[in-house]
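Notes for the structure review
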Amino acid sequence: MGAVEGFFERVDAGRFTATEYTRGPWDPGSQHAGPPAALLGRAVEERPGARADMRIARITYEILRPVPIGDLEVTTSVVRAGRSTEVVEAALGPVGAAPVMLARALRIRVAPEAVPAVVAGPQLPPPGEVEVTPFFPVPWERGYHSAMETRFTQGAFVELGPGTCWMRMKVPLVAGEETRPLDRVLIAADSGNGISSVMDFGRYVFVNSDLSVHLHRHPVGEWACVEARTSVDAAGIGLADAQLHDEKGPIGRSAQSLFVAPR
């Protein structure tokens, strides 16, 4: 596959080709879940007839199987349409095959200055005051790790325990198309379990099969921050819970259910 300046290349309205930038750290043929999560979020917003006065407040993903690198198809459908809220489903999978990733989004009607804003949460050191932090070693040159800039204010990918990491896309979500603030948040949110790993990558797997993102404020700017903490039960179930930020402050939360086991 030749180098393409984007995580995906659009073929037509509902078809995309995943590039090498989507490659995750574990399997050379599979994507990191961040890029397809962002693509499904964009599909929810771009669907025909989408109301401009509604915004995604919550989007939950089910990762049914590893997302392959190659040609993909995205479909959307409306589950419920109301005056103030709607629920939209989106599915992604290889062209002509069963979906490998599903999303269900709750969109809520908004109006400028409708209510007083109430903000809770700390203001983090801005990304410009933090040094670039490298990813943990990955056995291939091009992938998600090379397409994202990461700057930790707490912890590191190679340190165990809670972590807080600013993340910025180096390439667009879709080649030749404008990157949106929501793209930047959804592509980063799936990294919570890696940012706050509590077990040695070499000895244990801690894979998430879902991701839920709640947003009380629409993100702005190029940077998204994931302030994450992971808890693991001895039976092999874990939870990576994160507060999400942009440069103006907290914007929401994300959570990932983890399967944890020895390698």
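Above this text sits the structure in question.
Quick look at the structure, then.

**Re the overall build of the chain**
In terms of helices and strands, the chain carries 4 helices and 13 strands. The contacts in the chain between residues at least 6 apart in sequence include a share of 65% that link residues at least 24 apart. Put simply, the chain shows about 12,200 Å² of open surface, and 54% of that area lies on carbon and sulfur atoms. The chain carries 26 positive and 31 negative side-chain charges, and their two centres are separated by 6 Å.

**Points about the packing of aromatic side chains**
On inspection of all chains with the given rule, the structure shows 10 aromatic pairs. A centroid spacing of 6.4 Å and a plane angle of 65° characterise the contact between Phe7 and Tyr21, whose relative ring orientation is edge-to-face. With Phe7 in the segment before strand S1 (8-12) and Tyr21 in the loop between strand S2 (15-18) and helix H1 (34-46), the pair connects residues that are 14 residues apart, well separated along the chain. Taken as a pair, Phe7 and Tyr21 share a single burial class, namely buried. Aromatic pair Phe135 and Phe157: ring centres 4.3 Å apart, planes at 25°, arrangement stacked. Taken together, the residues Phe135 in the loop between strand S6 (101-109) and helix H2 (144-147) and Phe157 in the loop between strand S7 (148-154) and strand S8 (163-169) connect sequence positions 22 residues apart. In textbook terms, an aromatic cluster arises when at least three aromatic residues are bridged by ring pairs, as seen for Trp26, Phe135, Phe136, Tyr144, Phe152, Phe157, Phe201 and Phe206. The ring of Trp26 carries Arg263 above its face, with NZ or CZ at 5.3 Å from the centroid.

**Quick word on the environment of Gly41**
Tracing the backbone shows Gly41 in helix H1. Between the C-alpha atom of Gly41 and that of Pro68, which follows or precedes it by 27 residues, the distance is 18 Å. With residues near it in sequence (within four places) discarded, Gly41 still touches Ile56, Ile59, Tyr61, Leu182 and Leu186.

**With respect to the pairing of strand S11 (residues 223-232)**
Note: S8 against S11, 6 bridges, orientation antiparallel. Note that in S11 the partner of Met167 across the bridge is Ala224. Pairing of S11 with strand S12 (residues 237-246), which is carried by 8 bridges, proceeds in the antiparallel orientation. By the bridge assignment for S12, Ser231 is matched with Leu239. Between the end of S11 and the start of S12, which pair antiparallel, lie 4 residues, with Gly236 showing a positive phi angle near 110°.

**Focus: H1**
For H1, spanning 13 residues, the distance from its first C-alpha to its last is 18 Å, which sits close to the expected 18 Å at 1.5 Å a residue. By the criterion of burial, H1 is predominantly enclosed, with 11 of the 13 residues buried. Of all the positions in H1, only Gly34, Pro35, Pro36, Ala37, Ala38, Leu39, Leu40, Gly41, Arg42, Ala43 and Val44 are classed as buried.

**Regarding the side chain of Gln256**
Tracing the backbone through its elements, the reader meets Gln256 in strand S13 (residues 249-262). Of the polar contacts made by the side chain of Gln256, one reaches the backbone nitrogen of Asn193; its length is 2.9 Å. In contact with Gln256, other than residues within four places in its own chain, are Ala189, Asp190, Ser191, Gly192, Asn193, Asn208, Asp210, Leu211, Gly238, Leu239 and Ala240.

**Remarks on the packing of H1 against helix H3 (residues 181-189)**
Put simply, H1 and H3 touch, their axes get as near as 7 Å, and they point 145° apart. Of the two elements, H1 crosses H3, and the hand of that crossing is right-handed. When H1 is examined against H3, the residues Gly34, Pro35, Ala37, Ala38, Gly41, Arg42 and Glu45 are found in contact with a partner set consisting of Leu182, Asp183, Leu186 and Ile187. Of the residues assigned to the contact of H1 with H3, the class counts are 6 nonpolar, 2 polar and 3 charged.

Criteria and thresholds
For every chain, the first residue of the written sequence is number 1, and numbering continues from 1 onward in sequence order. With pLDDT at 70 or above as the cut-off, local features in this predicted model cover only qualifying residues; side-chain atom pairs require 80 or more to be listed or tallied, and sums for whole chains, interfaces and linings still use all residues. In computing side-chain values, all of the structure's heavy atoms are included and hydrogens and water are not. The way it works is that DSSP assigns letters per residue, a run of H or I at least four long becomes a helix, a run of E at least two long becomes a strand, and they are numbered from the N terminus. Working rule for contacts: check all heavy atoms of both residues, and any pair within 4.5 Å makes them a contact. Areas reported here follow the Shrake-Rupley algorithm with a probe of radius 1.4 Å; residue values treat only the protein chains shown as occluding. Charge assignment in this entry is limited to Lys and Arg as positive and Asp and Glu as negative, and neither His nor the chain termini are counted. We put the charge of a Lys on NZ, of an Arg on CZ, of an Asp on CG and of a Glu on CD. Centres within 6.5 Å are what make two rings of Phe, Tyr or Trp a pair, Trp counting through its six-membered ring; a difference in plane orientation under 30 degrees is then read as stacked, over 60 as edge-to-face, and the rest as tilted. Only protein chains enter the accessibility calculation, which uses a 1.4 Å probe; a residue is then buried when its area is under 20% of its type maximum, exposed when over 50%, and partly exposed in between. Put simply, a charge is over a ring when the Lys NZ or the Arg CZ is close to the ring centre, within 6 Å, and near the line of the ring normal, within 35 degrees. When DSSP finds two or more bridges between two strands, those strands count as paired. What a helix is expected to span follows from its residue count: subtract one and scale by 1.5 Å. Identification of polar contacts relies on pairs of N or O atoms within 3.5 Å, with a donor-acceptor requirement for protein atoms, meaning one able to donate a hydrogen and the other able to accept it, and with residues adjacent in sequence counted only if both atoms are side-chain atoms. Every angle, taken between N-to-C directions, lies between 0 and 180 degrees, and every axis is a line fitted to C-alpha atoms, over only the stretch in contact when it is a helix. Crossing handedness follows the turn of the near helix against the far one: under a right angle anticlockwise gives a left-handed crossing, and clockwise gives a right-handed one. Ten residues, namely Ala, Val, Leu, Ile, Met, Phe, Trp, Tyr, Cys and Pro, are considered nonpolar, four, namely Asp, Glu, Lys and Arg, are considered charged, and the remaining ones, Gly among them, are considered polar.

Worth remembering: the numbers are spatial, not functional.
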